[in-house]
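The primary structure of each chain is shown beneath.
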Amino acid sequence: MGASADLVLHEGEFRQIVAEVERLRREANAKVVFLVDKNGQLIAATGDDAGMDTTSLASLTAGNIAATGGLARLLGEKEFSILFHEGERDNLHISLVGDRVILVVIFDARTSLGLVRLRVRRSSENLERVFEEVQRTAGRARAAVGAGVADTASPFAEITEEDIDNLFR
Amino acid sequence: MSFINYASREINCKIVYYGPGLCGKTTNLQYIYQRTNPEIRGKMISLATETERTLFFDFLPLALGSIRGFKVRFHLYTVPGQVFYDASRKLILKGVDGVIFCADSQLARLEADCESLENLRFNLQEQGYDLDRLPHVVQYNKRDLPSIAPLHEMRALLNPRGAPDFEAVASAGRGVFDTLKAAARLVLIELKKGQGG
């Protein structure tokens with residue numbers, strides 16, 4: 001059981017997401033662009049992320065958005081949808097896409113905050129459409145499972161006790 | 001709420017350690033971090049005060065291996081146990097797949113254990129979860145200390161529904177991996193159910 005359904009990404013959706021994130025990185029002239037689930041799971045990363053601890057970045061970004069969202073609610077706001085952190089060398093632009101995912105852009109002096117904001121706005125709209133489709137697909141899959149007519153066998157339906165034991169060997 | 005990526009063939013699940021202040025949540029994570037092969041664990045992040053009390057959360061990612069060709073990753077979080085950090089605890093519970101309730105076995109902390117469990121139940125409910133239906137495991141920590149409550153009493157108070165439970169001395173590693181394994185197992189079984197298995 002859960003308050004929200006699992007996030008399930010299939011090949012085609014994932015490719016669309018990666019393509020959009022890569023396009024944003026190129027057009028905004030950013031160093032790195034990440035897409036992170038609100039719960040801190042890294043969905044996609046593009047750019048010069050070698051040597052970057054992307055898992056930690058994802059988790060801290062989600063923590064940051066969660067804490068800011070908590071502050072917003074205390075002030076009677078729904079949320080603060082954009083965060084900007086300015087560093088000596090690199091800057092961080094964090095924004096919400098829909099109510100589910102977080103778009104993180106890391107950029108330096110080779111571009112500007114204005115350009116990043118402009119490009120983020122357009123990419124957010126495109127990404128939002130992809131995630132709406134992801135949710136519709138998931139809804140249909142759940143309905144099919146509920147009705148006992150799921151046409152594709154889930155790999156997890158076959159998990160055995162032995163599989164689980166093997167994880168801890 | 002797990003994240004399943006069919007393209008990169010990954011499953012990510014979130015397990016949260018919950019419990020009263022100083023019960024040993026961070027110690028559990030530190031032990032796991034120390035005793036896990038560096039290849040399968042990421043960096044451990046602790047957002048703590050100068051006196052090493054958890055301020056927001058600790059985070060430890062583990063990539064345990066593969067099941068049916070899918071890489072299985074667990075993200076372990078702790079909450080800040082001190083009563084006044086309740087707003088932070090609520091945030092960390094978002095999207096949780098499994099909970100490990102870490103209790104302090106000392107008699108003097110029994111009341112704090114009960115309050116924390118009640119707080120967990122309430123905070124989960126606020127987000128639409130029901131503790132009795134969520135994969136969860138109970139750990140009775142600090143069994144090596146004097147003046148601890150008998151196991152049957154702790155069970156009656158903190159685990160009336162008989163979830164998997166373990167005695168532990170997290171500082172020495174006793175019971176730490178048994179607790180984690182049990183929680184991971186329940187999360188994966190739930191995932192299997194959720195996927196129509």
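The following refers to the structure shown. (Residues numbered from 1 in each chain as written. Chains lettered and ligands numbered in written order. Predicted model: local features only at pLDDT ≥ 70, side-chain atom pairs only at ≥ 80, totals over all residues.)

The next thing to look at is the overall build of chain A. Counting secondary structure elements, chain A contains four helices and six strands. Going from the N terminus to the C terminus, chain A shows its helices and strands as β-α-β-β-α-β-β-β-α-α. For chain A, the C-alpha atoms occupy an extent of roughly 55 × 40 × 30 Å along the three principal directions. In chain A, which comprises 169 residues, the proportion classed as buried is 34%. Contacts spanning at least 24 positions in sequence make up 53% of the contacts within chain A whose residues lie at least 6 apart. (Helix = DSSP H or I, 4+ residues; strand = E, 2+ residues; numbered from the N terminus. Buried ≥ 20, exposed ≤ 12 C-beta atoms within 10 Å, placed from the backbone. Contact = placed C-beta atoms within 7 Å.)

What follows is about the sheet that holds strand 2 (residues 32-37) of chain A. Residues and elements named next belong to chain A. Strands sit in the order 3-2-6-5-4 across an open sheet of five strands; the sheet is antiparallel. Two strands in the sheet have a free side with no partner beyond their single neighbour: strand 3 (42-47) and strand 4 (82-86). Between one strand and the next, the sheet's axes are offset by a mean angle of 10°, whatever the strand orientation. As paired strands, strand 5 (residues 91-97) and strand 6 (residues 101-107) are joined by seven bridges and run antiparallel to one another. Along strand 6, the bridge assignment pairs His93 with Val105. Contacting strand 2 and strand 3, helix 1 (residues 11-27) crosses the sheet at an angle of about 40° to strand 3. (Pairing = 2+ DSSP bridges. Axes fitted to C-alpha atoms, helices over the stretch in contact; angles between N-to-C directions.)

This part is about the packing of helix 1 of chain A against helix 3 (residues 113-146) of chain A. The packing of two helices is summarised by the inter-axis angle and the distance between the axes. Residue and element names in this part refer to chain A. Contact geometry for helix 1 and helix 3: axes closest at 10 Å, N-to-C directions at 175°. Considering the angle they form, helix 1 stands roughly antiparallel to helix 3. In contact with Glu13, Gln16, Ile17, Glu20, Arg23, Leu24 and Glu27 of helix 1, helix 3 contributes Arg119, Val120, Ser123, Asn126, Leu127, Val130, Glu133 and Val134. (Parallel < 35°, antiparallel > 145°, perpendicular 65-115°, else oblique.)

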